[in-house]
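Structure assessment
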Number of protein chains: 2
Amino acid sequence: MPFNALTSELIVAFEAIVGPAHVLTAQRAEAAATAEVYADYGRDHTEDLHYAPDVVLRPANADEISQIMRLCHEHRVPVTPRGAGTGLSGGALPVHHGVVLSTERLNKIIQIDERNLQATVEPGVVNEAFQNAVKEVGLFYPPDPASKGSCFLGGNLAHSSGGPKAVKYGTTKDYVLNLQVVLPTGDIIWTAANTLKNSTGYNLTQLMVGSEGTLGIITKVVFRLLPYPQHTILMLVPFRQEAQAAEAVSAVFRAGIIPSGMEFMERIAMEWSARYLGIPLTVPEDVRAHLLIELDGQDLDQLYKEAEQVYAVLDNYNVGEILLADTAAQKDELWRIRRNIGNAVKSAVYKEEDTVVPRAELGTLLAGVKEIGARYGFQSVCYGHVGDGNLHVNIIRGNLSDEMWNVGLREPISEIFRLCVKLGGTISGEHGIGLVQKGYIGIALAETNLNLMRGIKNVFDPHGILNPGKIF
Amino acid sequence: MPFNALTSELIVAFEAIVGPAHVLTAQRAEAAATAEVYADYGRDHTEDLHYAPDVVLRPANADEISQIMRLCHEHRVPVTPRGAGTGLSGGALPVHHGVVLSTERLNKIIQIDERNLQATVEPGVVNEAFQNAVKEVGLFYPPDPASKGSCFLGGNLAHSSGGPKAVKYGTTKDYVLNLQVVLPTGDIIWTAANTLKNSTGYNLTQLMVGSEGTLGIITKVVFRLLPYPQHTILMLVPFRQEAQAAEAVSAVFRAGIIPSGMEFMERIAMEWSARYLGIPLTVPEDVRAHLLIELDGQDLDQLYKEAEQVYAVLDNYNVGEILLADTAAQKDELWRIRRNIGNAVKSAVYKEEDTVVPRAELGTLLAGVKEIGARYGFQSVCYGHVGDGNLHVNIIRGNLSDEMWNVGLREPISEIFRLCVKLGGTISGEHGIGLVQKGYIGIALAETNLNLMRGIKNVFDPHGILNPGKIF
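Every value quoted in this text rests on a predicted model; they were computed, and no experiment measured them.

What counts and how
- All chains use their own residue numbering, which begins from 1 and follows the written sequence.
- Each chain is given a letter, starting from A, and each ligand a number, starting from 1, according to the order in which they appear as written.
- In keeping with the predicted nature of the model, local features appear solely for residues at pLDDT of at least 70, side-chain atom pairs appear and are counted solely at 80 or more, and the whole-chain, interface and lining totals rest on all residues.
- In computing side-chain values, all of the structure's heavy atoms are included and hydrogens and water are not.
- UniProt positions are given in the numbering used here, feature names are shortened, and annotations may be inferred rather than shown by experiment.
- The way it works is that DSSP assigns letters per residue, a run of H or I at least four long becomes a helix, a run of E at least two long becomes a strand, and they are numbered from the N terminus.
- Summary of the burial criterion: residues with accessible area below 20% of their type's maximum are buried, those above 50% are exposed, and those between are partly exposed, where the area comes from a 1.4 Å probe applied to protein chains only.
- If DSSP finds at least two bridges between two strands, the strands pair.
- We superpose the copies by least squares over the C-alpha atoms of residues that have a pLDDT of at least 70 in both of them.
- Note on contacts: a residue pair is in contact if any heavy atoms of the two residues lie within 4.5 Å.
- We define buried area as the total accessible area lost by two parts upon association, computed with a 1.4 Å probe and summed across both.
- Throughout this description, the term salt bridge denotes a Lys or Arg side-chain nitrogen within 4 Å of a carboxyl oxygen of Asp or Glu.
- By the criterion applied in these results, polar contacts are pairs of N or O atoms within 3.5 Å in which, for protein atoms, one can donate a hydrogen and the other can accept it, and in which residues neighboring in sequence qualify only through two side-chain atoms.
- Polarity classes work like this: nonpolar for Ala, Val, Leu, Ile, Met, Phe, Trp, Tyr, Cys and Pro, charged for Asp, Glu, Lys and Arg, and polar for all others, with Gly in that last group.
- Note on definitions: angles span 0 to 180 degrees between N-to-C directions of axes, and those axes are lines fitted to C-alpha atoms, for helices only across the stretch in contact.
- Working rule for angles: under 35 degrees goes down as roughly parallel, over 145 as roughly antiparallel, 65 to 115 as roughly perpendicular, anything else as oblique.
- For a crossing to be left-handed, the near helix must be turned anticlockwise from the far one by less than a right angle; the clockwise case is right-handed.
- Here the aromatic set is Phe, Tyr and Trp, taking the six-membered ring for Trp, and pairing holds for ring centres within 6.5 Å; pairs whose planes are under 30 degrees apart are stacked, those over 60 apart are edge-to-face, and all others are tilted.
- Consider the ring centre and the ring normal. A charge sits over the ring if Lys NZ or Arg CZ is within 6 Å of that centre and within 35 degrees of that normal.

A few points about the UniProt feature "domain: FAD-binding PCMH-type" (unreviewed entry) in chain A
With numbering aligned to this structure, UniProt lists the feature "domain: FAD-binding PCMH-type" (unreviewed entry) at residues 49-228 of chain A. The span residues 49-228 of chain A shows a helical share of 22% and a strand share of 23%, and its end C-alpha atoms are spaced 39 Å apart.

Here's the deal with the pairing of strand β10 (residues 217-224) of chain B
All names here are of chain B. Within β10, six of the eight residues are buried, leaving the element largely enclosed by the surrounding structure. Two strands pair when backbone bridges link them, and strand β6 (residues 118-121) and β10 are joined in this way by four bridges, in the antiparallel orientation. Its bridge partner being in β10, V121 is matched across the sheet by V221. As defined by bridge partners, strand β8 (residues 176-182) adjoins β10 across six bridges and the pair is classed as antiparallel. The residue bridging Q180 from the neighbouring strand is K220, located in β10.

Let's talk about the relation of the copies chain B and chain A
The operation relating chain B to chain A is a screw motion whose rotation component is 180°, with 0.0 Å of axial translation and a residual RMSD of 0.0 Å. Such values leave the two copies arranged in the relation of a two-fold axis. When you check the interface residues of chain B against chain A, 100% turn up at the interface there too, and the contact is symmetric in its surfaces.

Observations concerning the interface of chain B and chain A
Across the contact, 84 residues belong to chain B and 84 residues belong to chain A. Where chain B abuts chain A, roughly 6500 Å² becomes buried across the two surfaces, and 59% of that area is made up of carbon and sulfur atoms. The largest share of the area that chain B buries against chain A comes from K197, S199 and Y202 of chain B, three residues that together contribute 15% of it. The tally of links from chain B across to chain A stands at twelve salt bridges. The partner of E114 of chain B in a salt bridge is R254 of chain A, with the nearest N and O atoms 2.9 Å apart. Where chain B packs against chain A, one counts 43 residue pairs in polar contact (both at pLDDT 80 or more). Those elements that provide at least two residues to the side of chain B that touches chain A are β9 (188-190), α8 (204-208), β11 (226-227), α9 (242-254), α11 (300-314), α17 (441-444) and α18 (447-460) of chain B. Of the residues contributing to the side of chain B that touches chain A, the split by class is 33 nonpolar, 35 polar and 16 charged.

Some words on the packing of helix α18 (residues 447-460) of chain A against α18 of chain B
For the pair α18 of chain A and α18 of chain B, the least separation of the axes is 9 Å and the interaxial angle reads 150°. Relative to α18 of chain B, the element α18 of chain A lies roughly antiparallel. The handedness of the crossing between α18 of chain A and α18 of chain B is right-handed. For the pair α18 of chain A and α18 of chain B, the contacting residues are L452, G455, I456, V459 and F460 of chain A in the first and L452, G455, I456, V459 and F460 of chain B in the second. Considering only residue class, the contact of α18 of chain A with α18 of chain B consists of eight nonpolar, two polar and no charged.

Some words on the pattern of salt bridges
All names here are of chain B. In total, this model carries 55 salt bridges over all chains according to the counting rule given. In this structure, the salt-bridge partner of R240 is D286, at a minimum N-O distance of 2.9 Å. Highlighted residues: R240 in the loop between β12 (231-239) and α9 and D286 in the loop between α10 (267-277) and β14 (289-297), separated in sequence by 46 residues. For R240, a relative accessible area of 27% corresponds to the partly exposed category. D286 gets classed as partly exposed once you look at its relative accessible area, which sits at 37%.

Digging into the sheet that holds strand β2 (residues 55-57) of chain A
All names here are of chain A. Spatially, β1-β2-β4-β3 is the arrangement adopted by the four strands of the open sheet, whose pairing is mixed. Edge positions in the open sheet fall to β1 (23-24) and β3 (79-82), since each of these has one partner strand only. Pairing between β1 and β2: two bridges, direction antiparallel. Looking at the pairing, V23 lines up with L57 of β2. The strands that helix α4 (residues 62-75) touches are β2, β3 and β4 (99-102); relative to β4, the one it contacts most, it runs at about 165°.

Focus: the packing of aromatic side chains
Taken as a whole, this structure holds 16 aromatic pairs over all chains when the rule is applied. Seen in terms of ring centroids, F417 of chain B and Y440 of chain B are 5.2 Å apart; in terms of plane orientation they differ by 75°. Their pairing is edge-to-face. One end of the pair, F417 of chain B, is in helix α16 (residues 410-422); the other, Y440 of chain B, is in the loop between α16 and α17, and 23 residues separate them in sequence. Y440 of chain B matches F417 of chain B in its accessibility class, with the two residues each being buried. Every member of this aromatic cluster is reached through a ring pair, and the members are F130, Y141, Y175 and F223 of chain A. Note that R339 of chain B overlies the ring of W335 of chain B, its terminal NZ or CZ placed 5.8 Å from the centroid.

Considering the packing of helix α14 (residues 362-376) of chain A against helix α16 (residues 410-422) of chain A
Residue and element names in this part refer to chain A. Interaxial distance between α14 and α16 falls to 10 Å at its minimum, and their mutual angle equals 160°. In terms of orientation, α14 lies roughly antiparallel with respect to α16. Considering only the axes of α14 and α16, their crossing is right-handed. For the pair formed by α14 and α16, the contact residues are T364, L365, G368, V369, I372, R375 and Y376 on the first element and E411, P412, E415, I416, L419 and C420 on the second. Class assignment of the residues belonging to the contact of α14 with α16 gives a composition of eight nonpolar, two polar and three charged.

Written out as structure tokens, the structure reads:
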């Protein structure tokens, strides 16, 4: 390991930078009876993994982060940046220990620029808090991961997070205009300009987005915003065949409709979630899957017209009775079922794979996942953003042996990923590679691509101290 | 200069790769009476600049390009990739001579995938030919630069070109899913996957887009497509004050309307174009500028509703009589005037600056440009994509002295660019830096940013042979 251990001199230096109250160690946490809070800085939402930080720093701004990075660069101490810790690929885990750098105090919405439909925010702002703040002035920030109530915008940027609205509105990457970043060397840059178009040098903004905290620490973001869509209509469509649900998605687009949500739930996913929520729900015997389709816009009459067109498309498939939700309460309940599949699955032990393929291939992928599961003897709960071809495959521990769970699943997971790639897809749509998918990256990316990425990493971080052990 | 001269051995090797018919030299062109065709490979649409290539190669596919690059990498011979040569920043000019590598024979639309709303194409396909091909199956590829009738998609990718529709639909970068690229070393990679979402390693796709042919040669592109919008409405709105036109743009967005075109033409731009086209057009005395506003969608009734809302917004400004074009002929005439401003300006000697600012700052930028022009004694014709804050500033030669034209304008152009940056903008929105804006890059980008870019360039192109002398 090329890294150095943390010294007491460095701790003192950190205290001078961020103030003693924001330098946490295991010993101090023990003394203050906050050991559990401290331990949380060593976990995220990925399985049950834990790695202990040597020290947790909670800087207040870019300048403090710059000073920290200069020290760590000089002393070759690893730094793992951390947002809210809701990641699903282990990206925030300090696998080489050293410093965990939390962005929790960079939590200000600095400006909402109504004239330009832009906002400048810090990375520690919670996604939903930001959505609500811009909605108050009639504006719209679309990216809405399932964890929107707790995840930070900085983490969303690290993985270019999506969410249901990505099918119409794109992912986090599509809303970023400009980033303030502290580089691993301590230098502070802005990546671009606050403009919708930019053809001035290489796109450092999009290089930073999705780099999982390995190239720099984002300290400010300029997002573009949209006018808030005033109305939505939601419909729940039962299908007798999973593959038909996937086909219907393409047909809706071909009819000229771009839904603002297009979610797929296989039968078992819906059942698990309803049971988890205590909602009495009887899915008819012959229903294999549901699509949850949302339309949005400024004009309700227009949405009803579009809904009729969607119905006309669905008439070509073997669907059950469509439930049209047009009250807020009905819509909330349907979205609650969809959003809680993840929580329902979490009540079991599971591994989540974030597969993604061209949208029309989702039926083939799902059938492949089930076939592989049957062959290796595991159950999976599948759901996801079918409009984007993004299928979350949750492999359930069930009665699998330790050997199978810890080692034996590698082969079937590899098979699933190879199928994704064969279908034109890849191994992560929105969760990132982080720690837990690192072993599979060679399935998606050629060695030449990985070498380019390693080269870029080395340009930004010559000592390799920032979030080491991730992606490749 | 670290480059080597072309040898006759290399010419023989190139002939073995692409066939003798596709190896052009000045001598052969002279002999075949095609000297003028050959000379064109040394120019683009940037001012009257010309640099002579030592040899022009016209490979047929990625494999041939790979072999060429391996040779040139080994022998340190510079290679300038070239599309249709419609660039406005000199990006395709072979300033270090050597090889000009034309993509003109990579001109196939390989597949239009109607199920997935995707298409795979080669870089030498003309933008409009691609638009028309996908429209035939009801699909829509929005990016539409003014040169769409002749520019190649590869060149559009090199600069992330925009066009009028960018205000609603984004620029070229927003439609690219995956790129096949030949690296300067000759290696061939695919940058990503054919998926709408991807969180698998660094975003090499967006690093390649806008890199102006300095990091690799794009040999295949997978684009995402949209359903074709069946209807448009176009309106021409005269304003008595330029600044009010810029303000009205923000107000339209705030009303929840996202036009599919939002073009600004100052009075003189409109007059020049009408005169160029021979259209008798009398702009009323008190009109200082026009906005051309386009709405699009699948439902004409809905568009008329939106047009009424736009009228209601415009009522708050001092506008003249609005011309609503709803026949194809009327719409074509208005767009023809807008699109021909560039040609009208080209009939004079001019320099074009591709300024971009946050959209609400466009009025301030325009006033600044005029003030700087008055101070330094030059006339400018300004127009552009006001919905994106992208203003094309055309400085007219007029009676300026050689000294002023060749050297003296550097200072006022720098002033214009510094104003852009002060307003949160930058020095190129869609034309790129290329050769002619290279001297100004330091106004937009800090030395730290430039060093990162140089480092990335070095990772991709360790001998610096690909499109040398551009951007930085």
